[in-house]
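# Tertiary structure, described
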Amino acid sequence: MTDADILSLVKDALNDVAPGREADFAKVTLDSKIEELGLDSIATMEMVGFLEEQVEATFPDEELAKVASIRDLTVLIRASKA
Amino acid sequence: MQTPFATVAEAIAHAGSRWPDNGFTFQDEAGAERTYSFPQLERDTASRAAAMQALGLKKGDRMGVIVVEPEQFVLTFLAALRVGVIPVPLYPPLSLGNLDAYAHRTATILTSAGARVLVASARLQNLLWAQVDMVPSLERLVRAEDLVGTSAPQLPEIRPEDIAFLQYTSGSTSDPKGVIVTHANLVANANGIMGPTGMQMDPATDKGISWLPLYHDMGLIGFVISPILWGVSIVFIPTIRFIKKPTCWMDTITAHKGTASFAPNFAYALVARKARPEQLDKWDLSHMKAFGCGAEPINPETMRAFAEVMSTRCGMPRNAMLPAYGMAEATLAISLKRLDDHMRTIVVDADRFQGDGKVEAVEEGFEGTALEHVSCGPCFPGHEVSVQDADGNLLPEGVEGELCLKGPSVTPGYFENPEATAATFKDGWLHTGDLGYLLDGEVYVTGRIKDLIILNGRNLHPQSVEWVAAGVEGVRKGNVVAFSRPGADSEELVIVLESRAQTDAEKAALAAAVKTQVQREMGITAADVVVLAVGMLPKTSSGKLQRRKTRQQYLTHGVGFEGTRTAGATGDTFTLARHMAKGVWSRTKAALRK
């Protein structure tokens, strides 16, 4: 998957868990920080669940705890596909 | 009918011979299941108990438990109870990032408990190593999977009055409070929850389904301890699996013909929102006799919406929604809706209620403002609920005051914290800090005296949020107020602060910075940050911030002045908010006038 594919997937996930904020999420880039997305911890894990379903993988908890940016998520997604 | 056991240790030892066909089923994160019959649970916990003794742990020692997998958690926790080691369950790092703040909070609690050993999931070991340096009493970090004994444990005598475990579910980071839970507390509470006046659980036919976190009283006492005292089979879904895929809850109930489950309000809203038509077609909830709801304010609309779709589409009995009231200090629950009743609410005249705290039911067609309150059913047998005013006088039925509790489920106090214990118990009554009233012997909860903010079941002290916000450059130090407002599914966090920022752009940037900081440090999202000019926050004559007054102004639009709203609220929310604010907080002021 290219960076653009993954970014678009992440935006789908964000719009799924926090409907009505398309305008905010359109500005999300690979360098956006997770904590700046305005999601609470439950919505954040819902988003992870959406991504896992799409890429058919389960990300390890200990790796998730270290994720700070969208770019970190792309690393996890690629690792799951390896 | 009561549990035949006097302690949980006795129940673990003998549940297998009484109910050999029942047991606990654990799902992994992919949903694959492994079942331990009660006889097998007895053998595995004995092995782990021996391993704990081999580590040098003795009766009365404290042991931190941060274990994600339900299977590992339950075996470890029950093993400790058998040898009198006192487990201290703590929540695992749940979300993305925030590891520093998490480590600090965890260390504070382990230090307060004086834990000698920390047992954690294998995959969390690297994240938790720093705890050994941060907690003076902590001697070692152990993998849950490695607790395998080579000989039989030396089982000490466990008495009903012995401490079973410590619940750190309330208190702030600076002053953590560990609720002492004794075996006698657990036996009394299990009888109330599972017994003839409770959920009427029958080991032969009933099966509980739970995705609740096991470090929290509702999941741990409701679905691990009470079932083993009653011999009821349970299926555990990892919490993380539920959050990622909420509909797995209903899938599991369908697959196992589940009869009882429990969750906070937000979970019912989440599932109703996520359910797709083809899922509703295949779910069978016809065996469910209780969908319990507790741990945060119960929204009657959420309950009705869930019940409507699940009864029409999935065969759920219409009276299955089961509001409950309780708290960690009362072990878990103190009242439940009667099993056979339908959920009952009362619609009262808001002006009357807000004026003098008296309940006056109104009929359909009532022209004024109305409030709807949910009944949490009658108090458990052998327990007492009273409603008291600020001077400790008992109030009659139908009048709002502080809910106070007595009875065998009530904790003896907070662990090694006599000040907090003395502040909570007066004249033999546990003062809950909750506002409510009794009507026809049933408990109605209307709000909280304490300013505690409950976000998705997590308790937050406003000070902890205010301190973080005050650290952001541009915020006037000591001029920040945090409180909650009612949201659609759960409560939401609001922060109001003073700043010298002049332009709208500056204010918006400051609000965004505060949101980010709170998110980073605490892992929570502020729904609204309002930036006020200097001197606009309500203060007492001595200059102390007035949190309640600020909240009241906010909810009645009074604190809009020049504020920058970073997130809008719907009209509905505000209407509800205004009603709640007036009702709760006008009574609160009276209650606190001491």
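The structure this text deals with has already been given above.
Here's what I pulled together on the structure shown here.

What counts, and at which threshold
- Residues numbered from 1 in each chain as written.
- Chains lettered and ligands numbered in written order.
- Predicted model: local features only at pLDDT ≥ 70, side-chain atom pairs only at ≥ 80, totals over all residues.
- Heavy atoms only, no water.
- Helix = DSSP H or I, 4+ residues; strand = E, 2+ residues; numbered from the N terminus.
- Buried < 20%, exposed > 50% of the residue type's maximum accessible area, 1.4 Å probe, protein only.
- Contact = heavy atoms within 4.5 Å.
- Areas by Shrake-Rupley, 256 points an atom, 1.4 Å probe, with all protein chains shown as cover.
- Buried area = accessible area lost by both parts, 1.4 Å probe.
- Salt bridge = Lys/Arg side-chain N within 4 Å of Asp/Glu carboxyl O.
- Polar contact = N/O pair within 3.5 Å; in protein donor to acceptor, adjacent residues only side chain to side chain.
- Core = buried A, V, L, I, M, F, W, Y, C linked by side-chain atoms within 4.5 Å.
- Pairing = 2+ DSSP bridges.
- Axes fitted to C-alpha atoms, helices over the stretch in contact; angles between N-to-C directions.
- 1 Å grid on protein atoms, 1.4 Å probe; cavity = no way out; pocket = protein on both sides within 12 Å on 5 of 7 lines; lining within 4 Å.
- Points joined across faces, edges and corners; volume = space filled by probe spheres on them.
- Nonpolar A, V, L, I, M, F, W, Y, C, P; charged D, E, K, R; others polar.

### Some details on the overall build of chain B
- Across its full length, chain B holds 19 helices and 26 strands.
- Counting only residues that meet the buried cut, chain B has 60% of its 594 residues in that class.
- Within chain B, contacts between residues at least 6 apart in sequence are counted, and of these 71% link residues at least 24 apart.
- For chain B, the exposed surface amounts to about 22,200 Å²; the carbon and sulfur share of it is 51%.

### Focus on the interface of chain A and chain B
- Counting residues at the interface gives 26 residues for chain A and 23 residues for chain B.
- The contact between chain A and chain B buries some 2,300 Å² in all, and 57% of this surface belongs to carbon and sulfur atoms.
- Where chain A packs against chain B, one counts 4 salt bridges.
- Here Glu46(A) ties to Lys274(B) by a salt bridge, and the two come within 3.1 Å at their closest N and O atoms.
- On inspection of chain A and its partner chain B, the count reaches 3 residue pairs in polar contact (both at pLDDT 80 or more).

### What about unusual backbone geometry?
All names here are of chain B.
- With phi around 50°, Lys 257 is a residue other than glycine that occupies positive phi space.
- Relative to the assigned elements, Lys 257 resides in the loop between α10 (248–256) and β11 (260–263).
- You can call Lys 257 exposed: its relative accessible area is 51%.
- Despite not being glycine, Thr 331 shows a phi value in the positive range, around 70°.
- The residue Thr 331 is located in the loop between β13 (321–326) and β14 (333–336) in this model.

### Considerations on the environment of Ala505(B)
- Of note, Ala505(B) is situated in helix α17 (residues 504–522).
- For Ala505(B), a relative accessible area of 57% gives the class exposed.

### Overview of the nonpolar core
- Among the nonpolar cores identified, the biggest contains 148 residues, and Phe24(B), Ile228(B), Trp249(B) and Phe291(B) are the most heavily contacted of them.
- Ranked by size, the runner-up nonpolar core spans 23 residues in total, among them Ala469(B), Val475(B), Leu493(B) and Leu510(B).

### Topic: the sheet that holds strand β26 (residues 526–532) of chain B
Residues and elements named next belong to chain B.
- Spatially, the 3 strands line up as an open sheet ordered β24-β25-β26, and their pairing is mixed. Where the open sheet ends on each side, the last strands, each with one partner, are β24 (475–486) and β26. Across the sheet, the axes of successive neighbouring strands diverge by a mean angle of 20°, strand direction being ignored.
- In terms of strand pairing, β24 meets strand β25 (residues 491–499) through 8 bridges, oriented antiparallel. What sits directly across from Phe 483, in β25, is Val 494.
- In the packing of helix α16 (residues 462–470) onto the sheet, the strands contacted are β24 and β25, and the crossing angle to β24 comes to about 135°.

### What to know about α10(B)
- Within the sequence span of α10(B), burial applies to Cys248(B), Trp249(B), Met250(B), Thr252(B), Ile253(B) and His256(B).
- Lys257(B), located one to two residues past α10(B), shows a positive phi value of around 50°.

### A short note on empty space enclosed by the protein
- Tallied over the full model, the rule gives 2 cavities of 30 Å³ or more.
- Size it by volume and the largest cavity reaches roughly 260 Å³.
- The set of elements that each furnish at least two residues to the lining of the largest cavity consists of α4 (61–64) of chain A together with α3 (70–83) and α9 (239–244) of chain B.
- Its residues placed into classes, the lining of the largest cavity shows 20 nonpolar, 3 polar and 1 charged.
- For the second largest cavity, the calculated volume is near 30 Å³.

### Comments concerning the environment of Gly195(B)
Residues and elements named next belong to chain B.
- Position of Gly 195 among the secondary structure elements: in the loop between α7 (183–194) and β9 (207–210).
- Here the alpha-carbon distance between Gly 195 and Tyr 215, two residues 20 residues apart in the chain, equals 24 Å.
- Among all residues touching Gly 195, those that are not within four sequence positions of it are Ala 190, Gln 200 and Trp 230.

### Looking at the pattern of salt bridges
- Overall, the coordinates contain 36 salt bridges over all chains when judged by the stated rule.
- Across the pair Glu71(B) and Arg34(B) runs a salt bridge, and its minimum N-O distance is 3.2 Å. Of this pair, Glu71(B) sits in helix α3 while Arg34(B) sits in strand β2 (residues 33–37), and the two are 37 residues apart along the sequence.
- Close ionic contact of Arg485(B) with Asp528(B) constitutes a salt bridge, the shortest N to O distance being 3.9 Å. Taken as a pair, Arg485(B) in strand β24 and Asp528(B) in strand β26 lie far apart in primary sequence, 43 residues in all. Accessibility classification places Arg485(B) together with Asp528(B) in one group, the buried group.
- Where salt bridges share partners, they join Asp16(A), Glu46(A), Arg273(B) and Lys274(B) into one cluster.

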